[in-house]
Every structure is written in structure tokens, then in C-alpha cells.
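Structural description and commentary
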Amino acid sequence: MSAVASYTGPEDLEAPIALTAIAAAERELADLFGHCDRLHRANIQHNPHSCLLCFEQR
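This one's a predicted model, so the numbers in the text were calculated from it and none came from an experiment. (Residues numbered from 1 in each chain as written. Predicted model: local features only at pLDDT ≥ 70, side-chain atom pairs only at ≥ 80, totals over all residues. Heavy atoms only, no water.)

Looking only at helices and strands, the chain has 2 helices and 0 strands in total. Residue burial in the chain is summarised as follows: out of 58 residues, 9% are buried. Just so you have it, the chain exposes about 5,000 Å², and 62% of that area is on carbon and sulfur atoms. (Helix = DSSP H or I, 4+ residues; strand = E, 2+ residues; numbered from the N terminus. Buried < 20%, exposed > 50% of the residue type's maximum accessible area, 1.4 Å probe, protein only. Areas by Shrake-Rupley, 256 points an atom, 1.4 Å probe, with all protein chains shown as cover.)

Looking now at the environment of Leu39. Relative to the helices and strands, Leu39 is located in helix 1 (residues 10–41). With a relative accessible area of 26%, Leu39 lands in the partly exposed category. Residues Leu39 and Cys51, spaced 12 residues apart in sequence, show a C-alpha to C-alpha distance of 9.6 Å.

Together, Leu29, Leu32, Phe33 and Leu52 line one region of the surface with nonpolar side chains, adding up to about 310 Å² of accessible area. With respect to the helices and strands, Leu32 occurs in helix 1. Overall, the relative accessible area of 38% leaves Leu32 in the partly exposed class. (Patch = residues over 30% accessible without salt bridge, like charges linked within 9 Å, V, L, I, M, F, W, Y side chains within 5 Å. Salt bridge = Lys/Arg side-chain N within 4 Å of Asp/Glu carboxyl O.)

Here is the structure:
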């Protein structure tokens with residue numbers, strides 16, 4: 001293997017970092033929707049204008 005073929009430049013490192021950040025954001029969004037869903041199932045009165053699930057249903 002040549003030295004050129006083994007070089008990992010900044011562009012080689014950006015993709016895994018971006019994928020890790022995207023995966024973390026997806027987990028946080030799933031947690032947020034889970035929290036909203038639990039509020040709805042608990043029949044807790046809330047403001048439909050600030051609720052993600054109510055907003056999504058409109």
C-alpha cells in the first residue's frame with residue numbers, strides 16, 4: 001500500500017462524524033415524540049398549538 005492510498009484527509013473524517021451527529025439527533029427526536037405521545041395517552045391537558053403531535057395532526 002502506498003502512502004498516498006493510506007492518507008485519510010479531513011473529508012474522510014467528516015462523514016463518520018456527520019453520521020454520528022445525525023444518529024444522535026434522530027434519537028433525540030424520537031425521545032421527544034415519545035414524550036409527546038405519553039402526554040396524549042395520559043390525557044394531560046396541554047396547549048395544542050405548542051404540542052408536536054397536535055400540530056402534526058392539523
